Amino acid sequence: MATVNLLPNGVGTNTFTLSTGSDVAALVQDDHTGPVATDSNYLSATAINKSCFLTLDDFTEDHSSIDGVQIVLRAGNDGRAKTYDIETQLLPAGIGSAYYTEDTGTETSNRFYKTHTFTNRTTYDGSNAWNNTLVDALRLFVKLKAHSGGTFKFTQAYVIVTYTEPLATDNSIFFGTNF
């Protein structure tokens, strides 16, 4: 199986505070590995219910099947003894119910961002496989569900798509004989 990361490429609505500029999608493509306090590209909040809807890159890989879709966030709060809880949703294009909703549960503060890897979803509705049309239209919703103080920040959001590559055909072997 192979994987590809679908990065944010646009935004629907956003109520988080931008660290700089006006491009929300660009701010959450940053894989900052240093301390939270040294990051310059992020979305932040000091109160609950801040949220954003992100559109994602299209899935363009050759594939024989799409085997799973999984959200990943790098987020944190470096305030001493603070907690947060992030809610995420995978949504279809346009108006519709979320395919999946999942949250981190209560996370404690840390000097460094934490990588939050959510459940790999093998179907979009519990029984039907993902297809290219559904994956191309995915939107990612991120909401700060709980927050005990300090400044919550997230610096990266993307969706991992796991897929099976198509079988290669080798026409040089025909009935066990090389030509």
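Per chain, the residues get numbers from 1 upward, laid out in the order the sequence is written. In view of the model being predicted, local features appear only for residues whose pLDDT reaches at least 70, and side-chain atom pairs are presented and counted only at 80 or more, with totals across whole chains, interfaces and linings using the full set of residues. Side-chain numbers come from the whole structure's heavy atoms, not from hydrogens or water.

Enquirer: Hey, could you go over the overall build of the protein for me, with residue numbers and the actual values?
Expert: Broken down by element type, the protein carries two helices and 14 strands. Projected onto its principal axes, the C-alpha coordinates of the protein cover approximately 70 × 35 × 30 Å. Sorting the 179 residues of the protein into buried and exposed places 45% on the buried side. Contact between two residues is taken to exist if any of their heavy atoms lie within 4.5 Å; hydrogens are not considered. In the protein, once contacts between residues fewer than 6 apart in sequence are set aside, the share between residues at least 24 apart is 77%. Accessible surface is estimated by sampling points in the Shrake-Rupley manner with a 1.4 Å probe; for residues, cover comes only from the protein chains shown. Summing over all exposed atoms, the protein offers an accessible surface of approximately 9,100 Å²; the carbon and sulfur share of this is 47%. The charged-residue count follows a simple rule in which Lys and Arg add positive charge and Asp and Glu add negative charge, with His and chain termini not counted at all. Where a charge sits is defined by one atom per residue type, namely NZ (Lys), CZ (Arg), CG (Asp) or CD (Glu). Here the protein carries 11 positive and 19 negative side-chain charges, and the mean point of each set is 17 Å from the other. A run of H or I in DSSP counts as a helix once it spans at least four residues, and a run of E counts as a strand once it spans at least two, with each numbered from the N terminus. The cut-offs for exposure are 20% and 50% of the maximum accessible area for each residue type, with area from a 1.4 Å probe on protein chains only; residues under the lower value are buried, those over the upper are exposed, and the others partly exposed.

Enquirer: I'd like a rundown of unusual backbone geometry, residues and numbers included.
Expert: Here the phi dihedral of N49 falls at roughly 70 degrees; this positive angle occurs in a residue that is not glycine. When its relative accessible area of 46% is taken as the criterion, N49 is described as partly exposed. For A81, which is not glycine, the phi torsion reads 55 degrees and is therefore positive. In this structure, A81 sits in the loop between β6 (65-77) and β7 (83-91).

Enquirer: An account of the packing of aromatic side chains is requested, with residue identities and associated values reported.
Expert: Stacked, edge-to-face and tilted labels apply to pairs of Phe, Tyr and Trp rings (six-membered ring for Trp) whose centres lie within 6.5 Å, assigned for plane angles under 30 degrees, over 60, and everything in between, in that order. Counted according to the given criterion, the structure contains nine aromatic pairs. Judged by centre distance (5.3 Å) and plane angle (85 degrees), the rings of Y99 and W130 are edge-to-face. Taken together, the positions of Y99 in the loop between β7 and β8 (100-103) and W130 in the loop between β10 (114-117) and α2 (132-136) put the pair 31 residues apart, joining distant regions of the chain. Judged by its relative accessible area of 4%, W130 is buried. Members of the aromatic cluster, each reached through a chain of ring pairs, are F16, Y84, F152 and F154. The ring of Y42 carries the charged tip of K153 above its face, separated from the ring centre by 4.3 Å. Two limits define a charge over a ring: the Lys NZ or Arg CZ must be within 6 Å of the ring centre, and within 35 degrees of the ring normal.

Enquirer: I'd like to hear about the environment of Y163, residue by residue, with values.
Expert: One can find Y163 in strand β12 (residues 152-164). Once the C-alpha coordinates of Y163 and D67 are considered, the two residues, 96 residues apart in sequence, prove to be 5.0 Å apart. Apart from residues no more than four positions distant in its own chain, Y163 is found in contact with M1, A2, T3, V4, F59, E61, D62, H63, S65, I66 and D67.

Enquirer: So what about the side chain of E107? Which residues, and what values?
Expert: Within the fold, E107 resides in strand β9 (residues 107-108). The exposure class of E107 is buried, given its relative accessible area of 18%. Within polar-contact distance, the side chain of E107 engages the side chain of K114 at 3.3 Å. If near-sequence neighbours (up to four positions away) are discounted, E107 is found in contact with K82, T83, Y84, K114 and H116. Here a polar contact means two N or O atoms within 3.5 Å. Within protein one must be a hydrogen donor candidate and the other an acceptor candidate, and residues neighboring in sequence count only if both atoms are side-chain atoms.

Enquirer: How would you sum up the pattern of salt bridges? Please name residues and give values.
Expert: Salt bridges are defined by distance alone: a side-chain nitrogen of Lys or Arg within 4 Å of a carboxyl oxygen of Asp or Glu. Evaluated as defined, the whole model comprises four salt bridges. Among the salt bridges present, the one from K145 reaches D103, with a minimum N-O distance of 3.1 Å. Of this pair, K145 sits in strand β11 (residues 139-147) while D103 sits in strand β8; the two residues are 42 residues apart in sequence, bridging distant segments of the chain. The partly exposed category is assigned to D103, whose relative accessible area is 31%.

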